[in-house]
Every structure is written in structure tokens, then in C-alpha cells.
Amino acid sequence: MSSKPLVEAISIKKYYEVEHPRTGKNAFLKAVDNVSISIKQTETYGLVGESGSGKTTLGRILALLEKPTSGKLIYDGFDLSSTNKSLDYRKIRREIQIVFQDPYSSLHPRKKIVDIVGEPLLIHEKLSREQIENEVAKILEIVGLKQEHMYRYPHEFSGGQRQRIALARALILKPKFLVLDEPTSALDVSVQARILNLLKDIKDRTNMTYFFISHNIAVIDYMSDRIGVMYLGKIVEEASRNDLIYRPLHPYTKYLLMSVPIPDPEKARAPNRKKLRLKGEIPSPIDPPKGCRFVTRCPFATDKCMREEPVLEETNGRRVACHYWEKIEKEFPIELSWSEF
Ligand SMILES: Nc1ncnc2c1ncn2[C@@H]1O[C@H](COP(=O)(O)OP(=O)(O)OP(=O)(O)O)[C@@H](O)[C@H]1O
Ligand SMILES: [Mg+2]
């Protein structure tokens, strides 16, 4: 795998102006708050975190569907915030595609599959009807659908098939970078597995780079080369898949891993699992806690955590934002990773 970055996001912030639910005054909801990540060519970068942590917002910014409030995006070496005339935005736009979570609302209900899947070709390339049908037939086969499906409408397909159609549409321009925002979360487990394998299979056959979003750490583990953990608008830990799954450093990552249900009750009672019960709910991104964002839920929090925000520090080729990760690691090694069961 090349280590050259394809996508670099530097200090990205996305603040939404909203009405404060208590005071009724204008307030800022900090959906993404100072995130810097670098996604290498041909890797799958997995982003995991609870609902509301800002995953979709970050994914939409990387897919160029939304502009950040501040920060810089560098794509394939080009600074997208610059006004450089030589920058070919059209070309870059077609190289970046996205697949959304909901296969029911993402496809136009009154258009035939050939028109839905072929539309990007119509916009970006001047092809004849026959050429478009040929291209659509090829891509339908790649995603496991039949050529004759192209003359049908979305309502004639199951959720899994619709997600294959959405994927075909995203792939038809042969993108370099694909953002996958919970692409299987709305599907039955057995269908989910088939779509995940299809995504892996397609990636093995191309040189695409994936940014794969899920709230499910088991899915992220299965798909990713590198993993970022997001909490309340911030990346709190980032490491290679192996390091993150087998040696998580941040208490939130440990919690996510320990929360995966395991079938063996004996092992499920391992003493360290109990210690990692979190307090309360994820706070609102309108009034995030001062200091460490995780402070209200962390079983290891001290006064320092309430006062000082930990920086996302680099250590051994990975990053973690916790004042006490070394101490916690000594006193609280993770005994069993769920994936060893
Ligand atoms: N257009 C918007 N206007 C105001 N607030 C928004 C907007 N879009 C997202 N938010 C808020 O930003 C925060 C992050 O939302 P986001 O959808 O990115 O989270 P997520 O991690 O994808 O969650 P989920 O797992 O539920 O999909 C949430 O508090 C959400 O309510
Ligand atoms: Mg989301």
C-alpha cells in the first residue's frame, strides 16, 4: 500500500448556527471540531463513533457535498480551498463519490435504474444512449445485478439490491475516492455481510480509496486498514486496524470494543469489562464539556480532565487524545478483545 495521502483534512471545523434548545438564543452546534486526518492512497480508513458524533458531517465534507466552516482540504496534492485557476474541480468532483445509508431515499422513485445509474455519465460525458446502456450493463454486473434490471424502477428491488444500485451509480465514473456512510446499517445482517464482501471485492480489483463510516466497530474492524474513533466532533484515537482492535489506548475505544456482545457468559464477565461502563449519555455538541469532551462519561476522569483538553498526541505511529492513556494502559490492560472469541 502506498503511504502517499490521497485526502488530507487539516483542522476541519463545521459549526451549524442553531437555536439553543434551552435559551432560545442563537448558538453554534460544533458538529466537527478541529479534525485533521490523512487518508492514504488505496487504504480503507474506517471512522467509528456513536450517533451524533459528527461522522456524516465529516464524510459529507470529504465528499465535497458541504463546505467546512474552516480548515483545509487537500485532495491528491491540490489544495481545494485555493483559488488556483489550474485546479480542475470538475475532474476532482467526478473522482470523489459517496454512498449513503438509506437505500430507500437515495434513489429517485420515478426513474428507471438505467437513468439513475447512468445519470453521472450523462452529466460528465457526452455518450450516446447505447453507450450509456452498455456502461450501465457492465457496472450492474460488477455489483451483482442483472442487465435486464436496468429497465425497472427502484420500488421493484429489495434494500440490499437498492444499495447495489446506489453503489453502481457511485462507481460508474470510476472514482478514486469513495465515501461510504453506513452503507449497510439499514440492511438485514445477512444482506449486510454480502454487501460488505462486495465492497471489499470491488476494492481489491481497483485502486480505490475508501472512507468507511459506521457506528458498529465490528463492521469497521472487518473493513478497515486504519481506524479513527470520533467522539462529539473530535477524533479521540486513530491507529492501524490491528493496533486499535488489539491494543486500544483511549478509554472510549476500549468501551466501544468491550460493548460488542459476546456469546460466552463466562468471558463476558471478565472483570475489566465491568469497569468500562460509561456514565450518562453523549452530551450535546451545542454545549460540549470543557476540558476533555469525554470527561462526563469517563470512568477515569480527574479534575485535570475537566480543565485541560488533551491534544491528539502522536505515539508509535498512532494518535490518542487522553491525559492518562499510559497510566490506564498499565492499570487496565484490555484482557480480551471481542474479536478473539
Ligand atoms: N444541517 C444541520 N444543521 C444543524 N445541525 C446539524 C446539521 N447536520 C448535522 N447536525 C448536527 O451535527 C451533529 C453531528 O451529526 P452527524 O449526522 O454528522 O452525526 P453522525 O455521527 O453521522 O450520527 P449518526 O450515527 O446518527 O448518523 C448532530 O448533533 C446533528 O444533529
Ligand atoms: Mg451519520
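If you're wondering where the values come from, they're calculated on a predicted model, not measured in any experiment.

Peer 1: Explanation requested: the overall build of the chain in the structure shown.
Peer 2: A count of helical and extended segments in the chain gives 13 helices and 12 strands. The globule rule puts the C-alpha radius of gyration for 341 residues at 20 Å, and the 21 Å found for the chain is close to it. Based on the C-alpha atoms only, the size of the chain along its principal axes is roughly 65 × 50 × 45 Å. Scored against the burial criterion, the 341 residues of the chain give a buried share of 49%. Summing over all exposed atoms, the chain offers an accessible surface of approximately 17,000 Å²; the carbon and sulfur share of this is 49%. If you average the places of the 54 positive and of the 45 negative side-chain charges in the chain, the two averages end up 2 Å apart.

Peer 1: Looking at this structure, I do not really get the site of ligand 1. What am I missing?
Peer 2: Around ligand 1, the structure places 14 residues, and the nearest of them are Ser51, Gly52, Lys55, Thr56 and Thr57. In the environment of ligand 1, an oxygen atom lies 2.8 Å from a nitrogen or oxygen atom belonging to the side chain of Lys55. Residue Thr56 places a side-chain N or O atom 2.8 Å away from an oxygen atom belonging to ligand 1. Coverage of ligand 1 by the protein amounts to 64% of the 640 Å² it exposes when considered alone.

Peer 1: Explanation requested: the pairing of strand E9 (residues 226–231) in the structure shown.
Peer 2: Successive side chains on a regular strand alternate, one facing one side of the sheet and the next facing the other. In terms of burial, E9 is largely enclosed, as six of its six residues are buried. By the bridge criterion, four bridges tie strand E3 (residues 44–48) to E9 in an arrangement that is parallel. Looking at the pairing, Tyr45 lines up with Arg226 of E9. In this structure, E9 lies alongside strand E10 (residues 234–240), joined through six bridges in antiparallel fashion. Counted as the bridge partner of Val229 is Glu237 from E10. Count of turn residues in the E9/E10 antiparallel hairpin: two residues, of which Leu232 carries a positive phi of about 50 degrees.

Peer 1: I keep staring at the packing of helix H5 (residues 159–171) against helix H6 (residues 189–205) and nothing clicks. Help me out?
Peer 2: The description of two helices packed together rests on the angle between their axes and the distance between the axes. For the pair H5 and H6, the least separation of the axes is 10 Å and the interaxial angle reads 20 degrees. The orientation of H5 relative to H6 falls into the category roughly parallel. Considering how the two elements wind past one another, H5 and H6 form a crossing that is right-handed. Judged by residue contacts, Gly160, Gln163, Arg164, Leu167 and Leu171 of H5 engage Val191, Arg194, Ile195, Leu198, Leu199 and Ile202 from H6.

Peer 1: Any chance you could explain the sheet that holds E10 here in plain terms?
Peer 2: As a general point, the strands of a sheet are linked pairwise by backbone hydrogen bonds and lie either parallel or antiparallel. Spatially, E6-E7-E8-E3-E9-E10-E12-E11 is the arrangement adopted by the eight strands of the open sheet, whose pairing is mixed. At either margin of the open sheet sits one strand with a lone partner, and together these are strand E6 (96–99) and strand E11 (313–315). The sheet shows a mean angle of 20 degrees between the axes of neighbouring strands, direction not considered. When strand E7 (residues 177–181) meets strand E8 (residues 209–214), the two strands line up parallel, connected through five bridges.

Peer 1: Help me out: how do you make sense of helix H3 (residues 113–124) in this one?
Peer 2: Working note: α-helix, 3.6 residues per turn, so residues spaced by three or four point in the same direction. Restricting attention to buried positions, one finds in H3 the residues Ile113, Val114, Ile116, Val117, Gly118, Pro120 and Leu121. The inward-facing, buried residues of H3 abut helix H4 (129–142) and H5.

Peer 1: It is not clear to me how the nonpolar core should be interpreted in this structure. Could you clarify?
Peer 2: Most often, soluble globular proteins keep nonpolar side chains buried together rather than apart. Counting residues in hydrophobic clusters, the biggest one holds 58 residues, and the most contacted among them are Leu167 and Leu178. Here this core gets six residues from one element, more than from any other, and that element is H5. Leu167 has contacts with Val99, Val143, Leu178, Leu180, Leu198, Leu199 and Ile202, leaving out every residue within four places of it along the chain. Among the nonpolar cores identified, the runner-up in size contains 28 residues, and Leu87, Ile96, Ile213 and Met230 belong to it.

Peer 1: What exactly am I supposed to notice about the pattern of salt bridges here?
Peer 2: Pairs can form between side chains of opposite charge whenever their charged atoms are close. Summed over all chains, the structure comprises 23 salt bridges. Glu43 is paired through a salt bridge with Arg226; the nearest N and O atoms lie 2.8 Å apart. One end of the pair, Glu43, is in the loop between strand E2 (26–40) and E3; the other, Arg226, is in strand E9, and 183 residues separate them in sequence. Across the pair, exposure class does not vary: Glu43 and Arg226 are buried alike. Where Glu95 meets Lys176, a salt bridge forms, and the shortest distance between an N and an O atom there is 3.9 Å. Here Lys176 lies in the loop between H5 and E7 and Glu95 lies in helix H2 (residues 89–95), a separation of 81 residues in the sequence.

Peer 1: Help me out: how do you make sense of the packing of H3 against H4 in this one?
Peer 2: As a packed pair, H3 and H4 sit with axes 9 Å apart at the nearest point and diverge in direction by 110 degrees. Viewed along their axes, H3 and H4 adopt a mutual orientation that is roughly perpendicular. Along this stretch, H3 crosses H4, giving a crossing that reads as right-handed. Residues Ile113, Val114, Asp115, Val117, Gly118, Leu121 and Leu122 of H3 pack against Arg129, Ile132, Glu133, Glu135, Val136, Ile139 and Leu140 of H4.

Peer 1: Where do I start with the packing of aromatic side chains in this structure?
Peer 2: The tally for this structure, following the rule as stated, stands at six aromatic pairs. Between Tyr252 and Tyr255, the aromatic rings sit 6.1 Å apart at their centres with planes inclined by 25 degrees, giving stacked as the arrangement. Taken together, the residues span about one helical turn, with Tyr252 and Tyr255 both in helix H9 (residues 251–258) at a distance of three residues. Overall, the relative accessible area of 0% leaves Tyr252 in the buried class.

Calculation notes
Residues numbered from 1 in each chain as written. Chains lettered and ligands numbered in written order. Predicted model: local features only at pLDDT ≥ 70, side-chain atom pairs only at ≥ 80, totals over all residues. Heavy atoms only, no water. Helix = DSSP H or I, 4+ residues; strand = E, 2+ residues; numbered from the N terminus. Rg over C-alpha atoms; globule rule 2.2 N^0.38 Å. Buried < 20%, exposed > 50% of the residue type's maximum accessible area, 1.4 Å probe, protein only. Areas by Shrake-Rupley, 256 points an atom, 1.4 Å probe, with all protein chains shown as cover. Lys, Arg positive; Asp, Glu negative; His and termini not counted. Charge placed at Lys NZ, Arg CZ, Asp CG, Glu CD. Near = heavy atom within 4 Å. Polar contact = N/O pair within 3.5 Å; in protein donor to acceptor, adjacent residues only side chain to side chain. Pairing = 2+ DSSP bridges. Axes fitted to C-alpha atoms, helices over the stretch in contact; angles between N-to-C directions. Parallel < 35°, antiparallel > 145°, perpendicular 65-115°, else oblique. Left-handed = near helix turned anticlockwise from the far one by under 90°. Contact = heavy atoms within 4.5 Å. Core = buried A, V, L, I, M, F, W, Y, C linked by side-chain atoms within 4.5 Å. Salt bridge = Lys/Arg side-chain N within 4 Å of Asp/Glu carboxyl O. Phe/Tyr/Trp six-rings, centres within 6.5 Å; stacked < 30°, edge-to-face > 60°.

Read these as geometric descriptors, not functional statements.
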